[in-house]
Structures are given as C-alpha cells and as structure tokens.
Amino acid sequence: MSNRMWGGRFASGPAEIMEEINASIGFDKRLAPQDIRGSLAHVAMLGQAGILPAADVAAIQDGLKAVRDEIEAGGFVFKRELEDIHMSIESRLTEIVGPAAGRLHTARSRNDQVATDMKLWVRDTLDGLDIQAAGLQRALAEKALAHAGTVMPGFTHLQSAQPVTFGHHCLAYVEMLARDRGRFRDARARLNECPLGAAALAGTSFPIDRHATAAALGFDRPTANSLDSVADRDFALESLAAASICAVHLSRFAEELVVWTSAQFDFVRLSDGYTTGSSIMPQKRNPDAAELVRAKSGRVIGALTGLLVVMKGLPLAYSKDMQEDKEGTFDALQALSLCLAAMTGMVRDLEPNAPVLARAAGSGYATATDLADWLVRELGLPFREAHHVTGRLVGTASARSVGLEELTLDEMQAAEPRITDAVYAVLGVENSVSSRTSYGGTAPDNVRAQATRWLEQLGKDA
C-alpha cells in the first residue's frame, strides 16, 4: 500500500529494504518538540494571513497541543511506515481533528519544515552547551583562586620547562572555554534565520508572512533565498566544528588528568566518584571518566567529518542525503554535553598533591631560564651569551646530580666570574613563579586577579 501522506503518484508501497533505508523516525523523533513549535507558528500565520479559516486554525492548534501532550506523557505511538516525525505528527493530528489537519501543510514542505526543526534543535542545544561551558569555567576559576600559589612544573614537549602555578594551569582552560563559548554564540547568531515558508525549494504562491513566522519562533529574520533555505546545513557544520574544537580542549585536559593521576606522577587525586576499580587488581583506581572524555572527542570530530563528506557533492537544493545530518549531529552534541558535565564534576572533585607538585616544579633544572634572565638583568650579558653560561652550569649540576641552587658560588663563577651570591634568590621555584608578573604570567597575584575577574564576569553572565 502506498504512503497515504504522499503516495498518490504510486500504485504500490515501498520495498521492505526501501522502508528500512528511508525511515528516519527512529532518530528524528527527538525533533518532536521543535516540529510542533514550528507547526503552531505556521498555522497561526496561515490564519492571520487569511489562508485558513479560524475554525480550522483553532482545531489544528488544539490538536497539535494534544499530540504534544501525548508525546511528553510517553503515550504516542511512532509508526515506522510513516517515515519521519513530520508525517507521524500529521497522521496523529488527522486522527484527532479530522480532515482539517490536511490544511496544516499548506504553503510548506517537509524540506523547509525539517530545516526549521533542525535549526531550532541546534539552537536550543547550543544554548545548553554555552551554559555548561560557563559552569566548567566557573569550576576552573574557583580551583584557580584556591591554588593561585600552588607551584607545579610547566611543560613543553612534556618535558619540565619552567615552574608555574596550578591555578595558572586551570586558567588556561578557562580561556580555551571562553573561545569555545564565543564560537557557540557565533554559530547561533548565524543560524538564527528561519527557513519556514521556503517550501520545497522555490517559495510559495500563497500570501504568507514569513517575518511573522520567524518572529514567532524567535528567529531574527526569515532566510532570504528559498533554494539556500532548504539546501543549507552550514548551521550544523559550524556547530559541529565549534563542538569539535571544544571536545579537543576537553580531551587535552582529560589526557593531563590521566597522566597526573598515575602513580608515576601523583600530581592530583580524584575521588571514588570519578574513578573505577579493576576486576582483578584490587589496588587500581582508574580515571575512566577522563579517559571517556578523551575518547568521545573522536565521536564529535567524526560527526563533523561525516557531514562534510555528505554535503560536499550535493547539487541544489534538497537531496535525501541530507537526512544523514541528524544522527551524527544529535550524537556529537549530546556527547559533548556529557563530557562537559563529567569534566565539571572532575574539576570540582580533584585535589592537587601540593608537596609532589612542588618537588616536581624544581626538577629538571626548571629555573634555568630564571638564571639566564638574572645574568641579563644583573650583569648585562646578551641573552644568547647568558643562555650559553646557563647551559654550562646546568651541565655541571647534571654531572654532580644536584640542582642549580646546590652549586657552590665557586662553581658558578667558573662559568661566569661576575656572578654573586645574589643569584641564589632566583633559583627557588617560589621566587621563579613570583617573578613572572607580566600580564598573563603565572605570578600568584596575577592568577588571583584573573580568577577573580573571571568569577565576576561569569556571575554577570549567569
């Protein structure tokens, strides 16, 4: 039997495999709230424009609200033979209000309908991700304020480089998340044009008011080209791109937590709430939450890549290929939401192991740059010469298996005769981090000021 919603041209129904590949109700049913919102706005506009009689408008509106209530209550039956959420809702609407339901689809197509639904869903989701990212920023800024003076090693190439503070490290991710939130908001601003009323691809001959529909749905304006309206998935691509960058940031932090919680590092501790045990090794405490955050970045990046490949060869306007935008987008943005929640919990939960961090901060001749800077500042050496002198002193210390601060003054002066015992003041990690007072530097007072600024800003945003 042909599909009664569109099958007038067809004498028989689809093959079983055609129904299998064509149906999207299994995943696009999550668009039900957005689909009903769009339909309510559309039918209200049809009534205001005099296209539908008031009695039909009222019946359709009441019926749509009844369908919405059924879906929210879990009593709605989604039928595979109806293909998608749009036809499922319209079919049930017809059962409730009768033939008047058939007027709802006047001056629209499933093409502009699904584009509108997806934009509404992505917009709602971006708003939620922005709130979650702000919550993670707040947790990081609070941790930064609490540990503004807790010294730790800063790394380049995963080699000990210069001492920093744990708070400074946390604030680096606050900055990353600020850029992520900016990208979410940029994507939201660009997508906020309403496709509804573009119909299948060419617009409609009915005297509709697309500006009214756009305003009713919270869009800034209607889309300006009917072809682009139904062919565009930039909004999903851009949102997935922003999500991918955010997922990469979370994955980098997750990798650090995996390393830092190992017995070899022991930099931070996570509680039972964000770790798991082993079925065979009773001593194990595995950072599974962090590992899963790290892994899920692949899902998000994969969704972006997948949709780019889907879209790259499509002529204008709509093609059924574009049905493949949904599962990846749904999955990726849901995965990112879960990762943000898990990372926020871990940040609030974790405690840095300050004694271990302090010892590690002084290892690997991490204050060598401070020594070179002192030679430039106090003795007037060109930096390159100071670099060579410091390198020789590091070699001397390494040969003796001692720190720079443990070298004798005679050993120092063997490399540069003008060195005085004042040099020892810059060789401790506390002195090192305190000296980094340039804007954006790791000095504890800087960290406190930046953490306080962020907490104030996030409070205003909230």
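Values in this document were obtained by computation on a predicted structure and should not be read as measured data. (Residues numbered from 1 in each chain as written. Predicted model: local features only at pLDDT ≥ 70, side-chain atom pairs only at ≥ 80, totals over all residues. Heavy atoms only, no water.)

A. Structural context of the overall build of the protein. Per the secondary structure count, the protein includes 18 helices and six strands. Projecting the C-alpha coordinates of the protein onto the three principal axes gives extents of approximately 100 × 50 × 40 Å. Within the span of the protein, comprising 462 residues, buried residues form 48% of the whole. Distance between charge centres in the protein, computed from 47 positive and 58 negative side chains, equals 2 Å. (Helix = DSSP H or I, 4+ residues; strand = E, 2+ residues; numbered from the N terminus. Buried < 20%, exposed > 50% of the residue type's maximum accessible area, 1.4 Å probe, protein only. Lys, Arg positive; Asp, Glu negative; His and termini not counted. Charge placed at Lys NZ, Arg CZ, Asp CG, Glu CD.)

B. Highlighting a nonpolar patch on the surface. Among the surface-exposed residues, Ile-17, Met-18 and Ile-21 lie close enough to one another that they form a single nonpolar patch of about 340 Å² accessible area. Checked against the element boundaries, Ile-17 lands in helix 1 (residues 16-22). (Patch = residues over 30% accessible without salt bridge, like charges linked within 9 Å, V, L, I, M, F, W, Y side chains within 5 Å. Areas by Shrake-Rupley, 256 points an atom, 1.4 Å probe, with all protein chains shown as cover. Salt bridge = Lys/Arg side-chain N within 4 Å of Asp/Glu carboxyl O.)

C. Just the packing of aromatic side chains, in detail. Counting across every chain of the model gives seven aromatic pairs. Judged by centre distance (4.7 Å) and plane angle (65 degrees), the rings of Trp-121 and Phe-330 are edge-to-face. Linking Trp-121 in helix 6 (residues 110-146) with Phe-330 in helix 12 (residues 325-349), this pair joins segments that are 209 residues apart in sequence. The same class applies to Trp-121 as to Phe-330, namely buried. (Phe/Tyr/Trp six-rings, centres within 6.5 Å; stacked < 30°, edge-to-face > 60°.)

D. Region of interest: the pattern of salt bridges. All chains considered together, the criterion is met by 28 salt bridges. Notably, a salt bridge pairs Asp-325 with Lys-326, separated by 3.1 Å at the nearest N-O pair. Considered together, Asp-325 and Lys-326 belong to a single accessibility category, that of buried residues. Ionic pairing is found between Glu-378 and Arg-377, a salt bridge with its closest N-O pair at 3.7 Å. By relative accessible area, Glu-378 is classed as partly exposed at 48%. In this structure Arg-377 comes out as exposed when scored by relative accessible area, which is 53%. Ionic contacts of the salt-bridge type, sharing partners, join the residues Glu-70, Lys-79, Arg-92 and Glu-95 into one network.

E. How the structure looks around the packing of helix 3 (residues 32-48) against helix 4 (residues 54-73). The N-to-C vectors of helix 3 and helix 4 enclose an angle of 170 degrees; their axes lie 10 Å apart at closest approach. With respect to their mutual orientation, helix 3 and helix 4 come out roughly antiparallel. Note on element contacts: helix 4 touches helix 3 through Val-57, Ile-60, Gln-61, Leu-64, Val-67, Arg-68 and Ile-71, opposite Ala-32, Ile-36, Ser-39, Leu-40, Val-43, Ala-44 and Gly-47. Of the residues in the contact of helix 3 with helix 4, the class split is 10 nonpolar, three polar and one charged. (Axes fitted to C-alpha atoms, helices over the stretch in contact; angles between N-to-C directions. Parallel < 35°, antiparallel > 145°, perpendicular 65-115°, else oblique. Contact = heavy atoms within 4.5 Å. Nonpolar A, V, L, I, M, F, W, Y, C, P; charged D, E, K, R; others polar.)

F. How the structure looks around the nonpolar core. Leu-140, Leu-257, Trp-260, Leu-336, Leu-340 and Met-343 are the most contacted members of the largest nonpolar core, which totals 93 residues. In terms of residue count, helix 10 (residues 234-260) provides more of this core than any other element does, 15 residues in total. Judged by nonpolar contacts, the second largest core, of 20 residues, contains Leu-379, Leu-404, Ala-415 and Val-426. (Core = buried A, V, L, I, M, F, W, Y, C linked by side-chain atoms within 4.5 Å.)

G. Quick look at the side chain of Ser-226. With respect to the element layout, Ser-226 can be found in helix 9 (residues 226-231). Engagement of the side chain of Ser-226 in a polar contact is seen with the backbone oxygen of Leu-201, the distance being 2.7 Å. Leaving out residues up to four positions away in the same chain, Ser-226 has contacts with Ala-198, Leu-201, Ala-202 and Gly-203. (Polar contact = N/O pair within 3.5 Å; in protein donor to acceptor, adjacent residues only side chain to side chain.)

H. Representation of the packing of helix 6 against helix 12 in the model. For the pair helix 6 and helix 12, the least separation of the axes is 9 Å and the interaxial angle reads 15 degrees. Our classification of the angle between helix 6 and helix 12 gives roughly parallel. At the point where helix 6 passes helix 12, the crossing takes the left-handed sense. A class-by-class count of the residues in the contact of helix 6 with helix 12 yields 16 nonpolar, six polar and five charged. (Left-handed = near helix turned anticlockwise from the far one by under 90°.)

I. Structural context of the environment of Ala-101. With respect to the secondary-structure elements, Ala-101 resides in the loop between helix 5 (85-97) and helix 6. Of the residues examined, Ala-101 reaches a relative accessible area of 0% and is grouped as buried. Through-space distance from the C-alpha of Ala-101 to that of Asp-84 is 17 Å; in sequence the pair is 17 residues apart. If we skip the residues at most four places from it in the chain, Ala-101 touches Ile-60, Glu-90, Leu-93 and Thr-94.

J. Molecular detail of the pairing of strand 2 (residues 159-165). Bridge count between strand 1 (residues 151-156) and strand 2: six bridges; the pairing is antiparallel. Bridge pairing in strand 2 places Thr-156 opposite Gln-159. Counting the residues between successive antiparallel strands, the hairpin from strand 1 to strand 2 contains two residues, one of them, His-157, with a positive phi of roughly 60 degrees. (Pairing = 2+ DSSP bridges.)

K. Layout of the side chain of Thr-223. Secondary-structure assignment places Thr-223 in the loop between strand 4 (221-222) and helix 9. Polar side-chain contacts of Thr-223 include one of 2.5 Å to the side chain of Ser-229. Setting aside its immediate chain neighbours within four residues, Thr-223 contacts Lys-119, Glu-193, Cys-194, Pro-195, Arg-210 and Ser-229.

L. Layout of the environment of Gly-306. Take Gly-306: it is sitting in helix 11 (residues 288-311). Judged by relative accessible area, Gly-306 falls into the partly exposed class, the value being 33%. In sequence terms Gly-306 and Gly-135 are 171 residues apart; their C-alpha atoms lie 30 Å from each other.

M. Broad picture of unusual backbone geometry. The omega angle of the peptide bond from Leu-316 to Ala-317 is 10 degrees, so this bond is cis rather than trans. Structurally, Ala-317 is set in the loop between helix 11 and helix 12. Positive phi, normally seen in glycine, also occurs at Ala-107, with a value near 65 degrees. Mapped onto the secondary structure, Ala-107 falls in the loop between helix 5 and helix 6. In this structure, Ala-199 is a non-glycine residue whose phi angle is positive, near 60 degrees. Examined against the element boundaries, Ala-199 turns out to sit in the loop between strand 3 (193-194) and helix 8 (210-216). On the accessibility criterion, Ala-199 (8% relative accessible area) is buried.

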